[in-house]
Amino acid sequence: MKLLTILVPDGENNNLSSIVGAYKIFTRANAYRKETGKRELFKIQLAGVSPRVQYYDGLFEVKPQINISEISKTDLIIIPSLNHDYDVAVKENKKMIDWVEQQHNKGAEIASICTGAFLLASSGLLDGKSCSTHWVAANSFKSRFPKVNLQPDQLITDENGIYTNCGAYSFLNLVIYLVEKY
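Our subject in this report is the structure included herewith. In this text the structure is predicted, and so the values were computed from the model without any measurement.

### Some thoughts on the overall build of the protein chain
Reasoning step 1: What the protein chain contains, in helices and strands, is six helices and eleven strands.
Reasoning step 2: Computed over the C-alpha atoms, the radius of gyration of the protein chain is 15 Å, within 12% of the 16 Å expected from 2.2 N^0.38 for a compact globule of 182 residues.
Reasoning step 3: In terms of overall dimensions, the protein chain has C-alpha extents of about 50 × 35 × 30 Å along its principal axes.
Reasoning step 4: Within the protein chain, buried positions represent 51% of all 182 residues.
Reasoning step 5: Relative to all contacts within the protein chain whose residues are 6 or more apart in sequence, the contacts with residues 24 or more apart total 64%.
Reasoning step 6: In the protein chain, which carries 20 positive and 19 negative side-chain charges, the distance between the mean positions of the two groups comes to 6 Å.

### Things to note about unusual backbone geometry
Reasoning step 1: The phi torsion at Y56 lies on the positive side, around 50 degrees, for a residue other than glycine.
Reasoning step 2: You can call Y56 partly exposed: its relative accessible area is 42%.
Reasoning step 3: Of note, D57 is a non-glycine position whose phi angle comes to about 55 degrees, a positive value.
Reasoning step 4: On the basis of relative accessibility, which here comes to 76%, the residue D57 falls in the exposed class.

### Comments concerning the pattern of salt bridges
Reasoning step 1: Scanning all chains against the criterion turns up four salt bridges.
Reasoning step 2: Between R28 and E35 there is a salt bridge, with its nearest N and O atoms 3.1 Å apart.
Reasoning step 3: Between D98 and K94 there is a salt bridge, and its shortest N-O distance comes to 3.0 Å. With a gap of four residues between them, D98 and K94 both fall in helix α3 (residues 94-105), about one helical turn apart.

Rules behind the numbers
Residues numbered from 1 in each chain as written. Predicted model: local features only at pLDDT ≥ 70, side-chain atom pairs only at ≥ 80, totals over all residues. Heavy atoms only, no water. Helix = DSSP H or I, 4+ residues; strand = E, 2+ residues; numbered from the N terminus. Rg over C-alpha atoms; globule rule 2.2 N^0.38 Å. Buried < 20%, exposed > 50% of the residue type's maximum accessible area, 1.4 Å probe, protein only. Contact = heavy atoms within 4.5 Å. Lys, Arg positive; Asp, Glu negative; His and termini not counted. Charge placed at Lys NZ, Arg CZ, Asp CG, Glu CD. Salt bridge = Lys/Arg side-chain N within 4 Å of Asp/Glu carboxyl O.

The following block contains the structure:
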């Protein structure tokens, strides 16, 4: 069974739908396998640094099930998308960015959803690799990460266990791609 870690970054700058959407699709994939007499593929956990993260001026709240410091090794990490203030998101999540890099060095695969690529690229793991992100953020991404081969027109990139996708709800394609792969 693969340990799947869906990150819940700190700050209100995250896109709740990419956290919930990824969780629901992977959970449904597990349920389908059980219904067909097979064992679940994923042990799914929401992980963060803070015990609670609020969204949309406190209208919604996510409570990560585990702190990233308690995870010694995971198999697949999902980084959710961000809502426009990328520098603040990177600054607020330095500990998480470092953890992602450490996990990758231990063999974890990483999927960044849409503008979550800003967090992933901040780790240096995308240097010299292809990456996609939302077309609205492409110029901002290029200026911050010139060593990354940005492909904003690619629906999905898959390069040596690092996956990205372009904008909006195309993250559903990425998550389904990962379910199919596993």
